[in-house]
Amino acid sequence: MHPLPGPDPDAWDGLALQARNLFATHAWASTWWAEYGAGATPYVLCDDLADPRVVLALHGRGRLLRQVRWIGHGPADLLGPACAPENLPRAAGLLGDALAGGRLPADVVLLQDCPVAAPWWAPLGARPISTEVSPVVRFEPGQGWDGWLAAKSKNFRRQVTKKLARLERDHDVAVRLATAETLAGDLERLFELHAARWEGDSPLLDPQQHRFTAAFAATALERGWLRLWGLDLDGRRVCALLTFRFGPDVYCYQFGRDPELDRESVGFALLVHAVRDAVETGAEEFRFLRGDEDYKHRFADDDAGVGTFAVPRGVRGRAAVAVAAARRRAVQARRGPAPEDAPA
């Protein structure tokens, strides 16, 4: 597998930091490319290789229907251009020019998991395909743990106090972060606990995603981004939480716990610890990422929703997008109206 083309990796990662998007880094894209890139053609669009302000990491597949998507889609929860927010109009222009000039051969450009609050794709005539909630905790500057907890409901505060006290009363409790020496074993235990929690039904258990997650975790550890938390009760790992710290934000990526200990609330206890660490170390956001699980909403105070948008090109592209939009409307009709969905 050839390395990805594009600007200097450090410059690319710097733009991803301006975008506040871990999944837009060269580190994420190159790890993804090594695992998932076989048979795909990379199209890394950049306004200036020597001094880039915008990077769009895309790839193409297909013959009958030529589809272009983000490099990194699937395992990623938030995708988009690597650039400062003020340069998002440049990203739309860069993509539009590549399509118009034939440098990006596509019947459909599928922009997956883009933040709906910043519709940079609108000038391209993109059509909405789907949306998904992405719960987030936003911290106030200098708020601290006590300040954040005081703003939560009385019931939540009582649960934090009661459940953590009961756990420490009944067990020898230890919370640890993975190190270079423990990473391999800690990841394997995360995968085991995740499989137990989901009874084997999770994308993380796919061998490819398993390998990808382990490879990126190792890269993130080298860069100081990895926060793989483990909760031990009486010397046994019973809960694991894979998070990343990138700039001012914490990404809650994967979770696993022993389902036989649900009454002990070990998952809640470890999340409390991770959120407390985030606010006490000056994080601005704790991002729970895609998914509408109840446990996320116990902590979250906002929804940074993401959506998939399609840019059709030519007859085939328009037909494919029309079919996808019709399916979306049918699903929405069965479920009832969803206020966060943009109209088709």
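Structure report, in brief. (Residues numbered from 1 in each chain as written. Predicted model: local features only at pLDDT ≥ 70, side-chain atom pairs only at ≥ 80, totals over all residues. Heavy atoms only, no water.)

## Some thoughts on a negative patch on the surface
Link 1 in the chain: A surface patch of like charges, here negative, comprises Glu132, Asp292, Asp294 and Asp303.
Link 2 in the chain: Secondary-structure assignment places Asp303 in strand S12 (residues 302-303).
Link 3 in the chain: Of the residues examined, Asp303 reaches a relative accessible area of 35% and is grouped as partly exposed. (Patch = residues over 30% accessible without salt bridge, like charges linked within 9 Å, V, L, I, M, F, W, Y side chains within 5 Å. Areas by Shrake-Rupley, 256 points an atom, 1.4 Å probe, with all protein chains shown as cover. Salt bridge = Lys/Arg side-chain N within 4 Å of Asp/Glu carboxyl O. Lys, Arg positive; Asp, Glu negative; His and termini not counted. Charge placed at Lys NZ, Arg CZ, Asp CG, Glu CD. Helix = DSSP H or I, 4+ residues; strand = E, 2+ residues; numbered from the N terminus. Buried < 20%, exposed > 50% of the residue type's maximum accessible area, 1.4 Å probe, protein only.)

## Some words on helix H8 (residues 266-280)
Link 1 in the chain: Taking 1.5 Å of rise per residue, the 15 residues of H8 would be expected to cover 21 Å, and the 21 Å separating its terminal C-alpha atoms lies within 8% of that figure.
Link 2 in the chain: Along H8, 11 of the 15 residues are buried, which leaves the element largely enclosed by surrounding structure.
Link 3 in the chain: By the burial criterion, the buried members of H8 are Val266, Gly267, Phe268, Ala269, Leu270, Leu271, Val272, Ala274, Val275, Ala278 and Val279.
Link 4 in the chain: Of the residues trailing H8, Gly282 is marked for its positive phi of about 85°. (Expected span 1.5 Å × (residues − 1).)

## Quick word on the side chain of Gln254
Link 1 in the chain: Within the fold, Gln254 resides in strand S10 (residues 249-257).
Link 2 in the chain: In contact with Gln254, not counting residues within four places along its chain, are Leu190, His194, Leu204, Gln209, Ala240, Leu241 and Leu242. (Contact = heavy atoms within 4.5 Å.)

## Some thoughts on the nonpolar core
Link 1 in the chain: Judged by nonpolar contacts, the single largest core of 71 residues is most densely connected at Phe23, Leu95 and Trp120.
Link 2 in the chain: In terms of residues, this core owes the most to one element, helix H3 (residues 88-100), which gives seven residues.
Link 3 in the chain: Beyond its immediate chain neighbours, meaning those up to four positions away, Trp120 contacts Trp70, Pro81, Leu88, Ala91, Ala92, Leu95, Leu111 and Cys114.
Link 4 in the chain: Formed by 34 residues, the second largest nonpolar core is a distinct cluster that contains Cys252, Val275, Phe288 and Phe299. (Core = buried A, V, L, I, M, F, W, Y, C linked by side-chain atoms within 4.5 Å.)

## A short note on the pattern of salt bridges
Link 1 in the chain: For the coordinates displayed, the defined rule picks out 21 salt bridges.
Link 2 in the chain: Where Arg290 meets Asp113, a salt bridge forms, and the shortest distance between an N and an O atom there is 3.7 Å. Taken together, the positions of Arg290 in the loop between strand S11 (285-287) and helix H9 (294-299) and Asp113 in strand S4 (residues 108-115) put the pair 177 residues apart, joining distant regions of the chain.
Link 3 in the chain: On the accessibility criterion, Arg290 (25% relative accessible area) is partly exposed.
Link 4 in the chain: Asp258 is the salt-bridge partner of Arg236, the closest N and O atoms lying 3.3 Å from each other. Pair noted here: Arg236 is in strand S9 (residues 236-246) and Asp258 is in the loop between S10 and H8, with a separation of 22 residues, a long-range link.
Link 5 in the chain: Several salt bridges converge on common partners, so that one network encompasses Arg20, Arg138, Asp249, Glu284, Glu285, Arg287 and Asp302.

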